[in-house]
Amino acid sequence: MDGNRGRHLTDEQIMGVRAEFDTGDRRARGAVEPGMRGVVIAGAVLVLIAAMILPHAGGASGWDVLLFDAKARGEAATFPLRLFTWVCVIAGIAFSVSALLLRRWVLVWAACLGCGLASFLGLFAVWTRQTLLVGHAGGGPGAGMLLAWAAVGVIAYQWLRLAWSRAGVPTR
């Protein structure tokens, strides 16, 4: 004979079960599953890290520009280039790695918007390196800057596709 027959749940027990289901539902809606996009993003982040070692302006590497040391000052690293480099490190590396590890939507959107801004700043940084004022020392855009610009563009595109997939999900 079934021992549960004739046994009824109280209203408090039902509310407890409902609260448990709601908690699990909220947790599931807040998690991100990037799938293959995560692999592409991780690869592009590694390319971005490698691009920081290569020259961005003349002989100054991305890390030199980031820290604005004597080498970067000697190459006349402009403000747009320095801003692009900082946003690449913050959004392209830090936010992207955090979003991949923690799998939170707010970090996905932060990485998406930050990398989108970095893509625009990269365009502006390349333009300013190609149009140095007469009398200013320094070379044009380096291979590292162009590679970083391409990598952050790929990261922005992948995050945008992933973030946009969430846009149709209704929330309470």
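Remember, it's a predicted structure, so these values are computed and weren't measured experimentally.

**Student:** With reference to specific residues and values, describe unusual backbone geometry.
**Tutor:** For Phe 68, which is not a glycine, the phi torsion comes out positive at approximately 50°. Looking at where Phe 68 falls in the secondary structure, it is placed in the loop between helix H3 (62–67) and helix H4 (70–74). Judged by relative accessible area, Phe 68 falls into the partly exposed class, the value being 27%. Positive phi, normally seen in glycine, also occurs at Arg 103, with a value near 55°.

**Student:** Which residues make up the packing of helix H2 (residues 36–51) against helix H5 (residues 79–102), and what values do they have?
**Tutor:** Where H2 meets H5, the closest approach of the two axes is 10 Å, and the angle between their N-to-C directions is 145°. For the element pair H2 and H5, the recorded crossing hand is left-handed. Listed contacts from H5 to Gly 38, Ile 41, Ala 42, Val 45, Leu 48 and Ile 49 of H2 are Cys 88, Gly 92, Ile 93, Ser 96, Val 97 and Leu 100. Looking at the contact of H2 with H5 residue by residue, the classes come out as 9 nonpolar, 3 polar and no charged.

**Student:** Account for the confidence of the model for the protein, naming residues and giving values.
**Tutor:** Here the protein averages 84 in pLDDT, and 80% of its residues register 70 or above. Looking over the protein, one finds the lowest element-wise mean pLDDT in helix H1 (residues 11–30), namely 65, and the highest in H2, namely 96.

**Student:** Can you break down the pattern of salt bridges residue by residue, with the values?
**Tutor:** Tallying each qualifying case throughout the model produces 1 salt bridge. Residue Arg 103 is joined to Glu 33 by a salt bridge in which the shortest nitrogen-to-oxygen separation is 3.5 Å. Of this pair, Arg 103 sits in the loop between H5 and helix H6 (105–130) while Glu 33 is found in the loop between H1 and H2, placing the two residues 70 residues apart along the sequence.

**Student:** Just give me the short version of H5, but keep the residues and values in it.
**Tutor:** Helix length check: H5 (24 residues) gives 32 Å between terminal C-alpha atoms against 34 Å at 1.5 Å per residue, within 8%. The largest bend in H5 amounts to roughly 25° and is located at Cys 88.

**Student:** Tell me about a nonpolar patch on the surface, and please be specific about residues and values.
**Tutor:** Residues Leu 46, Ile 49, Ile 53 and Trp 63 make up a contiguous nonpolar surface patch of roughly 400 Å² in combined accessible area. Structurally, Ile 49 is set in helix H2. Relative accessible area serves as the criterion here: at 34%, Ile 49 is assigned to the partly exposed category.

**Student:** Residue-level account of the nonpolar core, with values.
**Tutor:** Core analysis: the largest hydrophobic core is formed by 41 residues, its most contacted members being Leu 48, Leu 81, Phe 84, Val 108, Ile 155 and Trp 159. Mapped onto this core, the elements with two or more residues apiece are H2, H3, H5, H6 and helix H7 (143–166). For this core, the element with the highest residue contribution is H6, accounting for 10 residues.

**Student:** Could you give me a rundown of the side chain of Ser 96, with the residues and numbers involved?
**Tutor:** Along the chain, Ser 96 falls in helix H5. When sequence neighbours within four positions are dropped, the list of residues in contact with Ser 96 reads Ile 41, Val 45, Ala 91, Ala 111, Cys 115, Ile 155 and Trp 159.

**Student:** Can you break down the environment of Arg 73 residue by residue, with the values?
**Tutor:** Inspection of the secondary structure assignment puts Arg 73 in helix H4. The spacing of Arg 73 and Ala 57 is 16 residues in sequence and 10.0 Å in space, taken between C-alpha atoms.

**Student:** Please provide a residue-by-residue account of the packing of aromatic side chains, values included.
**Tutor:** Scanning the model with the defined rule gives 1 aromatic pair in all. Between Phe 124 and Trp 127 the ring centres are 5.5 Å apart and the planes differ by 25°, which places this aromatic pair in the stacked class. With a gap of 3 residues between them, Phe 124 and Trp 127 both fall in helix H6, about one helical turn apart. Residue Phe 124 is classed as partly exposed on the basis of its relative accessible area of 35%. The class for Trp 127 is partly exposed, based on a relative accessible area of 49%.

Calculation notes
- Residues numbered from 1 in each chain as written.
- Predicted model: local features only at pLDDT ≥ 70, side-chain atom pairs only at ≥ 80, totals over all residues.
- Heavy atoms only, no water.
- Helix = DSSP H or I, 4+ residues; strand = E, 2+ residues; numbered from the N terminus.
- Buried < 20%, exposed > 50% of the residue type's maximum accessible area, 1.4 Å probe, protein only.
- Axes fitted to C-alpha atoms, helices over the stretch in contact; angles between N-to-C directions.
- Left-handed = near helix turned anticlockwise from the far one by under 90°.
- Contact = heavy atoms within 4.5 Å.
- Nonpolar A, V, L, I, M, F, W, Y, C, P; charged D, E, K, R; others polar.
- pLDDT = per-residue confidence, 0-100.
- Salt bridge = Lys/Arg side-chain N within 4 Å of Asp/Glu carboxyl O.
- Expected span 1.5 Å × (residues − 1).
- Bend = angle between axes of the 7 residues up to and from the residue.
- Patch = residues over 30% accessible without salt bridge, like charges linked within 9 Å, V, L, I, M, F, W, Y side chains within 5 Å.
- Areas by Shrake-Rupley, 256 points an atom, 1.4 Å probe, with all protein chains shown as cover.
- Core = buried A, V, L, I, M, F, W, Y, C linked by side-chain atoms within 4.5 Å.
- Phe/Tyr/Trp six-rings, centres within 6.5 Å; stacked < 30°, edge-to-face > 60°.

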